[in-house]
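# Reading the structure
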Amino acid sequence: MANSIDFSDYVLDTQKVADFRQLIENEITQTDHLDITWQYLIPELGEGGTCSLFGQLQEAPFDLTQHVDKRQKNVDAMAALARIVKFVEQQNLIDWFGIYQSRSIDNQTQLLKLSYFGKPSRPLFPVDEDYARISNNAFVALYGKGRVINNVEHYVANGGEYYTCDPAVKSEVCLPYFSQSGEVLGIIDAEAFNNDVFTSDALALLQAVCEIVPNYLPE
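Residues numbered from 1 in each chain as written. Predicted model: local features only at pLDDT ≥ 70, side-chain atom pairs only at ≥ 80, totals over all residues. Heavy atoms only, no water.

## Some details on the pattern of salt bridges
Close approach of charged atoms lets side chains of opposite charge pair. As a reminder of what qualifies: Any carboxyl oxygen of Asp or Glu that lies within 4 Å of a side-chain nitrogen of Lys or Arg is treated as forming a salt bridge with it. We count a stretch as a helix when DSSP gives it H or I for four or more residues in a row; a strand needs E for two or more, and each element gets its number in order from the N terminus. Each residue is placed in one exposure class: buried if its accessible area under a 1.4 Å probe, protein chains only, is under 20% of its type's maximum, exposed if it is over 50%, and partly exposed if it falls in between.
This structure, assessed with the given rule, holds ten salt bridges. Between Arg 83 and Asp 32 there is a salt bridge, with its nearest N and O atoms 3.6 Å apart. Pair noted here: Arg 83 is in helix α2 (residues 72–90) and Asp 32 is in the loop between α1 (14–28) and β1 (39–40), with a separation of 51 residues, a long-range link. Its relative accessible area of 38% is what places Asp 32 among the partly exposed residues. Here Glu 219 makes a salt bridge to Lys 73, at a shortest N to O gap of 2.7 Å. On the criterion of sequence distance, the pair formed by Glu 219 in the segment after α6 (200–212) and Lys 73 in helix α2 is long-range, its members being 146 residues apart. With relative accessibility at 42%, the residue Glu 219 sits in the partly exposed group. One continuous salt-bridge network, built from bridges that share partners, spans Glu 27, Asp 32, Arg 83 and Lys 86.

See below:
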């Protein structure tokens, strides 16, 4: 299934997923201090606000506290998400990784970037049919269907629409995570600077993340 972009086409080793889940939960319970990123730099957006201008950063950082307050429950949730991101980073497979939560912002459903590692990227993605045509993030959040692109250049050459935040990205996986009732609560996004990074083992890691993140979301 290496050429498929539909995550449902991949058969994952359930034991590997369970093993990753346990390792991530162990990371979350660590007691050493880990800073929570409440502000982060973001790119300038192009005309119409649709495209990030890579390498051009806004002067003022994005302030998460405008959307997530610092009551203790949210601080604990954000700390857990930071540890999940740290665990993914430590696997040395992925060059960029982010956890987004679906929220109503400015009377519109948007994906809010809660925690990430890698280069600066936009903090919000509208979740609507227009953005879903060009953005994997929006598509996955809107339809609840994961996407695996192990060669961005081939994907685009074959007619696929692709939202380019960093031109160095050659592979990307975008997966939804759900509530117990099946509602899409948000997505995770993983990017790599090499082709064919997202093997079954890498996808097992990301699936484990998707199973854990709903337990640690801020209100």
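## Side note on α2
Here is the rule: Working rule for helices: expected span equals 1.5 Å times residues minus one. Whether two residues touch is decided by their heavy atoms; if any such pair falls within 4.5 Å, the residues are in contact.
In a regular helix each residue adds 1.5 Å, so 19 residues correspond to 27 Å; α2 covers 27 Å between its end C-alpha atoms and thus fits that length. Burial in α2 covers these residues: Asn 74, Ala 77, Met 78, Ala 80, Leu 81, Ala 82, Arg 83, Ile 84, Val 85, Phe 87 and Val 88. Elements in contact with the buried residues of α2: α1, β5 (96–105), β6 (108–117) and α6. Immediately downstream of α2, the backbone of Asn 92 shows phi near 60°, a positive value.

## Notes on the environment of Gln 56
Counting through the fold element by element, Gln 56 comes out in strand β3 (residues 52–57). Sequence separation between Gln 56 and Ile 42 is 14 residues; the distance between their C-alpha atoms is 8.5 Å. Apart from the residues lying within four places of it in its own chain, the contact partners of Gln 56 are Ile 42, Pro 43 and Glu 44.

## Description of the nonpolar core
Selection rule: Side-chain atoms within 4.5 Å are what join buried Ala, Val, Leu, Ile, Met, Phe, Trp, Tyr and Cys residues into a set we call a nonpolar core.
Counting residues in hydrophobic clusters, the biggest one holds 62 residues, and the most contacted among them are Phe 97, Phe 198 and Leu 206. Here this core takes nine residues from α6, the largest share from any one element. In terms of nonpolar packing, the next biggest core, distinct from the first, is built from five residues, Val 152, Tyr 155, Tyr 162 and Val 169 among them.

## Remarks on the pairing of strand β9 (residues 171–178)
Test applied: At least two bridges found by DSSP between two strands is the condition for calling them paired.
Of all eight residues in β9, seven are buried; the element is thus mostly enclosed. Where strand β8 (residues 147–149) meets β9, three bridges bridge the pair, whose relative direction is antiparallel. Counted as the bridge partner of Val 148 is Val 173 from β9. Across eight bridges, β9 lies against strand β10 (residues 184–192) in antiparallel orientation. What sits directly across from Cys 174, in β10, is Asp 189. Linking two consecutive strands that pair antiparallel, namely β9 and β10, is a turn of five residues; a positive phi of about 95° is found at Gly 182 within it.

## Describing the sheet that holds β8
Defined as follows: Comment: axis = line fitted to C-alpha atoms, over the contacting stretch for helices; angle = value between 0 and 180 degrees taken between N-to-C directions.
Strand order in this open sheet of six strands is β7-β6-β5-β10-β9-β8, and the pairing throughout is antiparallel. Pairing within the sheet leaves two strands with one partner each, and these edge strands are β7 (124–126) and β8. Neighbouring strand axes in the sheet, compared pairwise and without regard to direction, differ in orientation by 25° on average. Pairing between β6 and β7: three bridges, direction antiparallel. Bridge pairing in β7 links Leu 111 to Phe 125. Relative to β6, α2 is tilted by about 60°, and along the sheet it contacts β5 and β6. Helix α4 (residues 136–143) contacts β5, β6, β7, β8, β9 and β10 of the sheet and is inclined by roughly 25° relative to β9.

## Let's talk about the packing of aromatic side chains
Ring pairs (aromatic) are described by centroid distance and by the angle formed between their planes. Under the convention used in this document: Stacked, edge-to-face and tilted are the three classes for Phe, Tyr and Trp ring pairs, Trp counted by its six-membered ring, which pair at centre distances within 6.5 Å; planes under 30 degrees apart are stacked, over 60 edge-to-face, the rest tilted.
Applying the stated criterion to the full structure yields six aromatic pairs. Where Tyr 40 meets Tyr 116, the ring centres are 5.3 Å apart and the plane angle is 75°; that geometry is what we call edge-to-face. With Tyr 40 in strand β1 and Tyr 116 in strand β6, this pair connects stretches of sequence that are 76 residues apart. Owing to a relative accessible area of 4%, Tyr 40 belongs among the buried residues under this scheme. Overall, Tyr 116 belongs to the buried group, its relative accessible area being 19%. Members of the aromatic cluster, each reached through a chain of ring pairs, are Tyr 40, Phe 62, Trp 96 and Tyr 116.

It is worth stressing that arrangement in space is one thing and function is another; only the former is reported here.
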